[in-house]
Structure formats: structure tokens, C-alpha cells
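Close look at the chain arrangement
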Amino acid sequence: QDEVQLARSFLDQCSPQAEERQVFEGALFWKEKRHAEAMKQFTEAMNTVGYQSNLAYNVALCYYSTKQYGPALKHIAEIIERGVRDHPELSVGAFDEGGCGLQARSVGNTAVLRETALIEAFNL
């Protein structure tokens, strides 16, 4: 609880117009289990800056946390679809035929992979 209060005091020093403020405030609301308010902040941030996979993941996580699995799945599917379409170099879902049958190809832990939020989406 002390870390939330400390984070909130830093947030109070941010400009009210800063786009990051919506994301930080959403994160704090999520930490406080105020999922509807968190979702509102993440959605407003996405409306302001445009689609970002990490924001879509945060919205999906809010839905999931409130057991609204259908809407969560919709956002997860969009993250995956955009990741596959926008980053074919990641070869999501592709397999190499090795000597011992099918094997998944590793793409490593690249910056592009982190930006897509694919790992988080698959884990949720």
C-alpha cells in the first residue's frame, strides 16, 4: 500500500495533460483493483495516442480481472492479429521441419517482440 501512495504522490506532480498520466493512473487503479477506472484510463490513452499493443493488453487485463472473458479475448485476438500482420519476421505460429518432426523457431527476446505485447497476450 505504501508503494501505491508513493506512486500516487509522484503522479500528482505530473501535468494533467500528459498522455503518460492516463497510463500511470490506469496502472495505479489496476493495482488498487479499481478495474473499471483503470480500463477507462487505458482506453482514453489509446484514443489519445492511437492503438498501442501494450495499452490494448492493459484493457484486456482489466476485462480478464473482472471475469469478462469475451471482451478480454477480443483485445487479445487483436494484439495477436496485429502482431502477425505487422511483424511477419517474428513468424508467429510458424514451425520449422527439423529432423525430429516439427519444431518451433525462436525469435529471441527482441525489442520488436516486446513492443507487440504478443508474449503477454499469449500468457493471458
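Just above sits the structure.
The structure contained in this document is the topic of the report that follows. (Residues numbered from 1 in each chain as written. Predicted model: local features only at pLDDT ≥ 70, side-chain atom pairs only at ≥ 80, totals over all residues. Heavy atoms only, no water.)

Turning our attention to the nonpolar core. A general feature of soluble globular proteins is that nonpolar side chains tend to end up buried together. Formed by 20 residues in total, the largest nonpolar core has its most connected members in Phe-42, Val-59 and Ile-79. Those elements that place two or more of their residues in this core are helix H3 (35–49), helix H4 (53–65), helix H5 (69–86) and helix H7 (118–123). Top element by residues in this core is H4. It accounts for eight residues. Apart from the residues lying within four places of it in its own chain, the contact partners of Ile-79 are Tyr-51, Ser-53, Ala-56, Tyr-57, Thr-116, Ala-117, Leu-118 and Ala-121. (Core = buried A, V, L, I, M, F, W, Y, C linked by side-chain atoms within 4.5 Å. Buried < 20%, exposed > 50% of the residue type's maximum accessible area, 1.4 Å probe, protein only. Helix = DSSP H or I, 4+ residues; strand = E, 2+ residues; numbered from the N terminus. Contact = heavy atoms within 4.5 Å.)

Two measures define how a pair of helices packs: the angle their axes make with one another and the distance between the axes. Between H4 and H5, the shortest axis-to-axis distance is 7 Å and the interhelical angle comes to 160°. Comparing the axis directions of H4 and H5 gives the class roughly antiparallel. H4 and H5 meet at a crossing whose hand is left-handed. Of the residues in H5, those touching H4 at Ser-53, Ala-56, Tyr-57, Val-59, Ala-60, Tyr-63 and Tyr-64 are Tyr-69, Pro-71, Ala-72, His-75, Ile-76 and Ile-79. Classifying every residue of the contact of H4 with H5 gives eleven nonpolar, two polar and no charged. (Axes fitted to C-alpha atoms, helices over the stretch in contact; angles between N-to-C directions. Parallel < 35°, antiparallel > 145°, perpendicular 65-115°, else oblique. Left-handed = near helix turned anticlockwise from the far one by under 90°. Nonpolar A, V, L, I, M, F, W, Y, C, P; charged D, E, K, R; others polar.)

Before going further, it helps to examine the environment of Arg-21. Following the sequence through the fold, Arg-21 ends up in helix H2 (residues 19–31). The buried category is assigned to Arg-21, whose relative accessible area is 17%. Considering only alpha carbons, one finds Arg-21 and Ala-45, 24 residues apart in sequence, at a separation of 8.7 Å.

Before going further, it helps to examine the pattern of salt bridges. Counting across every chain of the model gives five salt bridges. Across the pair Arg-21 and Glu-25 runs a salt bridge whose closest N-O atoms are separated by 4.0 Å. Separated by four residues within a single helix, Arg-21 and Glu-25 lie in helix H2, roughly one turn from each other. The burial state of Arg-21 is the same as that of Glu-25; both residues are buried. Residues Arg-34 and Glu-37 are paired through a salt bridge, measuring 2.8 Å at the closest nitrogen-oxygen approach. For Glu-37, a relative accessible area of 34% puts it in the partly exposed group. In the salt-bridge network here, residues are joined through shared partners; they are Glu-32, Arg-34 and Glu-37. (Salt bridge = Lys/Arg side-chain N within 4 Å of Asp/Glu carboxyl O.)

As far as function goes, none of this settles anything; it's purely spatial.
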